[in-house]
Amino acid sequence: SDVITVGELAKRMGVKSKDLITELMRQGQMVTINHPLDYETAAILASEFNYEVENVAFDEEHVLTDDAVITDESGSDEGAIPRPPVVTIMGHVDHGKTSLLDAIRATNVTSGEAGGITQHIGAYDVTVNGRKITFLDTPGHEAFTSMRARGAKVTDIVVLVVAADDGVMPQTKEAINHSKAAGVPIIVAINKMDKPDANPDRVKQELTEFEMVPEDWGGDTIFVEVSAKTTANLDSLLEMILLQAEVLELKANPHKRAKGAIVEARLDRGRGPVATVLVEEGTLRIGDPIVSGLHYGRVRTMTNDRGDRLEEAGPSCPVEVTGLSGTPVAGDTFHAVESEKVAKDVATHRQRKIREQELATTSKISLEQLYARL
Ligand code: GTP
Ligand code: MG
């Protein structure tokens, strides 16, 4: 027969039964979840429901930007001050990205990693002559290509690592393409110069194909010949990064609610969802309500890559954050918002939008089909 229960219709539409019951109540019908609806009522209800959702459409953009300046005394958005550069290390697998970063940090992350392959994008900040640089270490493995593509978007400068004994390889080209697509300047680090078969000229020759020509060959691409193993020339690499950063005149306003990007995220047994975030604007503080993708919460703890607990994190600062309701997606944005309720509203709105999209692709036919089948 031509009937469907409120509960079944809600399921089909991808909304809560409660919301349908409320809508019916608004129309003067007191019903329960098992109440049967005829086709007409179900169809009208479905269209009305969507119609209403569209009309009171939650203005996410407004909520996320509304009143964003909170501590700037003038209440304006003119408080931008210089910020550290965010540098992403890219390059072919095994060309020495992590080793280079290790040598720079004077620590040894590689030895602790499973199989010596970087599993996800790590974020670190180093201080060179009193000036900070934030580094993102992207995985070199083929499977992480999409993550690497995201990595390029929060990046100010790319350091393209090419092994002097191996030359330009498939993922070197990918890295160049991602960087160029994102409009990010590239500094080339020719690594493994300590190796007897190191051939930096071949690397330079191969890169001319991508319009990357060294200054001493009449071009304007910066090349630095380094060795992560002997640490040779790492100081000039850092110098070049800081020089390039100066040219870019990077600025951000710390006097705002924080927004930024999720660099990596995982579910930790003890601590729950743990996200490494990069603050792009504003200042993130303990207790701030935040939303990222479909997840929300309050910042419970903030830790830097050296394990120090932080109370706040300003522009370009990478920190590990706990307190989210779920594990966010690497590459997604995050926003600090006015209250936990707003954070929840944004997340819920996004969840509903996804359900609606799923519904939009299946609903019209499936409702018909559903009745055809009954
Ligand atoms: P993925 O993260 O897997 O893409 O690799 P990666 O680019 O981070 O390379 P990684 O730093 O793990 O180094 C790969 C191998 O090259 C390791 O065995 C390093 O010890 C070695 N290596 C890295 N840099 C140098 C260098 O300057 N000289 C020499 N001789 N070996 C190096
Ligand atoms: Mg690595």
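How each quantity is defined
Residues numbered from 1 in each chain as written. Chains lettered and ligands numbered in written order. Predicted model: local features only at pLDDT ≥ 70, side-chain atom pairs only at ≥ 80, totals over all residues. Heavy atoms only, no water. Helix = DSSP H or I, 4+ residues; strand = E, 2+ residues; numbered from the N terminus. Buried < 20%, exposed > 50% of the residue type's maximum accessible area, 1.4 Å probe, protein only. Contact = heavy atoms within 4.5 Å. Areas by Shrake-Rupley, 256 points an atom, 1.4 Å probe, with all protein chains shown as cover. Core = buried A, V, L, I, M, F, W, Y, C linked by side-chain atoms within 4.5 Å. Pairing = 2+ DSSP bridges. Axes fitted to C-alpha atoms, helices over the stretch in contact; angles between N-to-C directions. Salt bridge = Lys/Arg side-chain N within 4 Å of Asp/Glu carboxyl O.

A.B. asks: Can you walk me through the overall build of the protein in this structure?
C.D. replies: Looking only at helices and strands, the protein has 10 helices and 18 strands in total. Here the protein holds 374 residues, and 48% of them are scored as buried. Of the contacts formed within the protein by residues at least 6 apart in sequence, a portion of 72% connects residues at least 24 apart. Summed over all atoms, the accessible surface of the protein reaches about 18,500 Å², with 50% contributed by carbon and sulfur.

A.B. asks: I keep staring at the nonpolar core and nothing clicks. Help me out?
C.D. replies: The tendency in soluble globular proteins is for nonpolar side chains to be buried as a group. Residues Leu-100, Ile-133, Phe-135, Val-159, Leu-237 and Ile-241 are the most contacted members of the largest nonpolar core, which totals 26 residues. Of all the secondary structure elements, the ones that give two or more residues to this core are β4 (86-91), α5 (97-105), β5 (122-128), β6 (131-137), β7 (157-163), β8 (186-191), β9 (222-225) and α9 (234-248). Examining the composition of this core, we find that six residues originate from one element, α9, more than from any other. Look past the residues within four positions of Leu-100 in its chain and what remains in contact with it is Val-161, Ala-189, Asn-191, Val-226, Ala-228, Leu-234 and Leu-237.

A.B. asks: Honestly, the sheet that holds strand β11 (residues 259-268) in this entry has me stumped. Any pointers?
C.D. replies: Whenever strands of a sheet pair, they do so through backbone hydrogen bonds, lying parallel or antiparallel. Around the barrel, six strands lie side by side as β11-β12-β17-β15-β14-β18; this closed barrel has antiparallel pairing. Adjacent strand axes in the sheet meet at a mean angle of 45° when their direction is disregarded. The pairing of strand β14 (residues 289-292) with strand β15 (residues 295-303) spans four bridges and is classified as antiparallel. Note on β15: the bridge partner recorded for Ser-292 is His-295.

A.B. asks: Would you explain the pattern of salt bridges in this entry?
C.D. replies: Any two side chains of opposite charge can pair, so long as their charged atoms come close to each other. Counting across every chain of the model gives 16 salt bridges. The salt bridge partner of Asp-305 is Arg-105, with a shortest N-O separation of 3.0 Å. Highlighted residues: Asp-305 in the loop between β15 and β16 (312-313) and Arg-105 in helix α5, separated in sequence by 200 residues. Residue Asp-305 is classed as partly exposed on the basis of its relative accessible area of 25%. Judged by its relative accessible area of 17%, Arg-105 is buried. The partner of Glu-340 in a salt bridge is Arg-298, and the shortest N-O contact between them spans 3.0 Å. Of the two residues, Glu-340 sits in helix α10 (residues 340-373) while Arg-298 sits in strand β15, which places them 42 residues apart along the sequence. One continuous salt-bridge network, built from bridges that share partners, spans Lys-256, Lys-259 and Glu-281.

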